[in-house]
Amino acid sequence: MIQKLKGTYDVYGDLSIKHNYVKKLFEEICSNYNYNYIETPLIERSELFHRGVGETTDIVTKETYDFVDRGNRNNTIRPEGTAGVARAVIENKLYNTLPLKLYYMGSMFRYERPQKGRYRELRQLGIELYGVDNPISDAEVISLGVNFLNELGLKNITVKINCLGGIETRKKYKEALINHFKNNIDEFCDDCKERLEKNPLRILDCKVDNKNKLMKSAPSILDFLTKEEKENFDKVKKYLDVLDIKYVIDNTLVRGLDYYTNLVFEFISDDVDDIGSIGGGGRYDNLLKSLGGPDIPSVGFAFGMDRVVSVLASLEIKLPINNDLDVYILNISEKEFNYSIELLQNLRMCGYRADMDLSNKNMKGKFKEVDRYNSKYIIIIGEDEVKTGILTIKDNITKEETKVNYDDLIDFLDTNV
Ligand code: HAM
């Protein structure tokens, strides 16, 4: 028996219905915000992620699924969506008309240690906005995320925000962090020892050493921001206030990807605390240029759909999903198949969720199907119905029966469903 890979899972039954609902809602909200759908390949050249996400990030050094293809090229199955979308924007010159607002949905792959809320195949719902550097766009991007979560019924959301400044600011801040940690780095885990020179910001994000007292006393990036960076960050906060979005400033929020500049943020559920961020993003004004494209400011985020759905389940939030059938056609015997299948086609073309028993079960079996699909109406088709065209519609809840002419059936359903 071949089993699924560790860190992956099958989506079926109620879970697949939930996933579909969440994806559709995300599409709807993105469309309201004037975003268009983009789909990029699951595999890309490895170099894209090395240059884009960053050589020293955990994602690239430890977590990518890499393979050499038959043409001896190094490929990677995407660990995240931003780099691939940026590549597509550059390669297809989508930047010719700016601003450009794109959303995507799909699986990403990271070789992480599986645990609650952490998978090796993770599903993301993401947006990217290109061509606007005004902080109002940062606030708008965050507001899309918050509105989506609120629409799902997740009201207790905190948006953590921080500002990482530009390259110069970060250079100075990195030096300050190295000075702060270097004399006591022996107290830290092996990963942090390595991070000290390569990527000291990531020490602040370490889950192993987060109790070390040096973490609390570490210098804050916010004290290193230039006047302009500070003003920009203040503007983001102001616009979030205007939009009535609750946020907290977390000066230790550094994010696990190297492309960020200035604003970074994460969406956290206040109700479920052992699952990590349910989404995260930020501004990445240098990414397109570093990938050989034009200099275009960009901002975006991605939700971890698996985590969003898991929080919905933990909070027992019932989504307004109606998966019930409108009509189940119950034909008495195979003789009525022609009539029933034509009627069924008609109902479906008119937009009704309808089905019938195609395997010619006995009556008991057919009624079992009615229950299974929770059909609102049942139409029994026998010899008489075929002959007269007068149909009996039974309301499966009230058990009330109504006689309706075949030609009036759709009118009847239009007023009653
Ligand atoms: P990220 O923070 O790496 O950002 O991932 C975004 C979200 O994906 C996380 O907040 C989390 O909910 C979910 N996630 C990450 N890893 C896992 C995992 N192993 N299992 C389950 N869920 C996971 C990005 O990927 C950026 N590309 C976001 C972005 C878009 N920044 C700008 N634009």
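Predicted, not measured: the structure shown is a model, and the values here were computed from it.

Caption draft 1: Summary view of the pairing of strand 14 (residues 377–381). The element strand 14 is largely enclosed, with a buried count of 4 among its 5 residues. Note that strand 12 (residues 327–331) and strand 14 share 5 bridges and pair parallel. Opposite Ile329, over in strand 14, you have Ile379 as the bridge partner. With 4 bridges joining them, strand 14 and strand 15 (residues 390–395) adopt antiparallel strand pairing. Residue Ile379 lies in a different strand from strand 15, and its bridge partner there is Ile393.

Caption draft 2: The arrangement of helix 1 (residues 13–32) in detail. Compared with the 28 Å implied by 1.5 Å per residue over 20 residues, the 29 Å span of helix 1 between its first and last C-alpha is a close match. If you check which residues of helix 1 are buried, you get His19, Val22, Leu25, Phe26, Ile29 and Cys30. End-on view of helix 1: buried residues confined to an arc of 135°, all on one side of the axis. Away from its buried face by more than 90 degrees, helix 1 exposes Lys24 and Asn32. Looking at the buried residues of helix 1, the elements they touch are strand 5 (100–109), strand 6 (121–130), helix 5 (135–151), strand 11 (298–304) and helix 11 (305–314). Directly beyond the C-terminal end of helix 1, a positive phi value near 70° is found at Asn34.

Caption draft 3: Representation of the site of the ligand in the model. Every one of the 26 residues lining the ligand counts as a neighbour, but Glu80, Thr82, Glu112, Arg255 and Tyr260 are closest to it. Between Glu80 and the ligand, the recorded distance is 2.6 Å, taken from a side-chain N or O atom to a nitrogen atom. In the environment of the ligand, a nitrogen atom lies 3.4 Å from a nitrogen or oxygen atom belonging to the side chain of Arg307. Here the ligand has 650 Å² of accessible area as a free molecule, and 96% of this is covered by the chains. In the shell around the ligand, the residues fall into 10 nonpolar, 9 polar and 7 charged.

Caption draft 4: Here's a closer look at the pattern of salt bridges. Counted according to the given criterion, the structure contains 30 salt bridges. In this structure, Arg195 engages Asp58 in a salt bridge whose closest nitrogen and oxygen atoms are separated by 3.3 Å. One end of the pair, Arg195, is in helix 7 (residues 190–198); the other, Asp58, is in helix 3 (residues 58–63), and 137 residues separate them in sequence. Across the pair, Asp58 and Arg195 agree in class, each one buried.

Caption draft 5: Inspection of the sheet that holds strand 15 at higher detail. One open sheet accounts for 5 strands, arranged 13-12-14-15-16; its pairing is mixed. Each having just a single partner strand, strand 13 (354–356) and strand 16 (401–405) make up the two edges of the open sheet. Strand-to-strand twist in this sheet, taken as the mean axis angle between neighbours without regard to direction, amounts to 25°. Sitting on the sheet, helix 12 (residues 337–349) is in contact with strand 12, strand 13, strand 14 and strand 15, with an inclination near 165° to strand 13. Across the face of the sheet, helix 13 (residues 363–373) comes into contact with strand 12, strand 13 and strand 14 while running at roughly 180° to strand 12.

Caption draft 6: Molecular detail of the nonpolar core. Counting 95 residues, the largest nonpolar core has Phe26, Tyr130, Ile142, Phe148, Phe181 and Phe267 as the members making the most contacts within it. In terms of residue count, the dominant contributor to this core is helix 5 (7 residues). Those residues within four positions of Phe148 in sequence are excluded, and the remaining contacts are Val22, Leu25, Phe26, Ile29, Leu125 and Phe303. Formed by 19 residues, the second largest nonpolar core is a distinct cluster that contains Met356, Leu391, Ile410 and Leu413.

Caption draft 7: Up close: the packing of helix 1 against helix 11. With their axes 11 Å apart at the nearest point, helix 1 and helix 11 run at an angle of 115° to one another. The angle between helix 1 and helix 11 places the two elements in the roughly perpendicular class. Seen from above, helix 1 lies across helix 11 with right-handed handedness. Between helix 1 and helix 11, the residues in contact are Leu15, Lys18, His19, Val22 and Lys23 and Met305, Val309, Leu312 and Ala313, respectively. Classifying every residue of the contact of helix 1 with helix 11 by side-chain character gives 6 nonpolar, 1 polar and 2 charged.

Caption draft 8: Spotlight on the pairing of strand 4 (residues 74–77). Relative to strand 4, strand 2 (residues 43–45) is paired through 3 bridges, and the arrangement is antiparallel. Bridging across to strand 4, Glu44 finds its partner in Thr76. Relative to strand 4, strand 3 (residues 65–68) is paired through 4 bridges, and the arrangement is antiparallel. Following the sheet pairing, Asp66 is matched in strand 4 by Thr76.

Caption draft 9: Spotlight on a nonpolar patch on the surface. Nonpolar side chains collect at one region of the surface, where Leu42, Ile43 and Phe67 lie side by side and expose about 250 Å² of accessible area between them. Overall, the relative accessible area of 32% leaves Phe67 in the partly exposed class.

Caption draft 10: Quick look at the domain arrangement of the chain. Here the chain is partitioned into domain 1 (13–165 + 225–314) and domain 2 (327–416). The C-alpha centroid of domain 2 is placed 47 Å from the C-alpha centroid of domain 1.

Caption draft 11: Representation of a negative patch on the surface within the structure. On the surface, a cluster of negative charge is contributed by Asp407, Asp408, Asp411 and Asp414. Assignment of secondary structure puts Asp414 in helix 15 (residues 409–416). A relative accessible area of 47% places Asp414 in the partly exposed class.

The rules we used
Residues numbered from 1 in each chain as written. Predicted model: local features only at pLDDT ≥ 70, side-chain atom pairs only at ≥ 80, totals over all residues. Heavy atoms only, no water. Buried < 20%, exposed > 50% of the residue type's maximum accessible area, 1.4 Å probe, protein only. Helix = DSSP H or I, 4+ residues; strand = E, 2+ residues; numbered from the N terminus. Pairing = 2+ DSSP bridges. Expected span 1.5 Å × (residues − 1). Arc of directions from axis to C-beta. Contact = heavy atoms within 4.5 Å. Near = heavy atom within 4 Å. Polar contact = N/O pair within 3.5 Å; in protein donor to acceptor, adjacent residues only side chain to side chain. Areas by Shrake-Rupley, 256 points an atom, 1.4 Å probe, with all protein chains shown as cover. Nonpolar A, V, L, I, M, F, W, Y, C, P; charged D, E, K, R; others polar. Salt bridge = Lys/Arg side-chain N within 4 Å of Asp/Glu carboxyl O. Axes fitted to C-alpha atoms, helices over the stretch in contact; angles between N-to-C directions. Core = buried A, V, L, I, M, F, W, Y, C linked by side-chain atoms within 4.5 Å. Parallel < 35°, antiparallel > 145°, perpendicular 65-115°, else oblique. Left-handed = near helix turned anticlockwise from the far one by under 90°. Patch = residues over 30% accessible without salt bridge, like charges linked within 9 Å, V, L, I, M, F, W, Y side chains within 5 Å. Domains from an automatic or database assignment. Lys, Arg positive; Asp, Glu negative; His and termini not counted. Charge placed at Lys NZ, Arg CZ, Asp CG, Glu CD.

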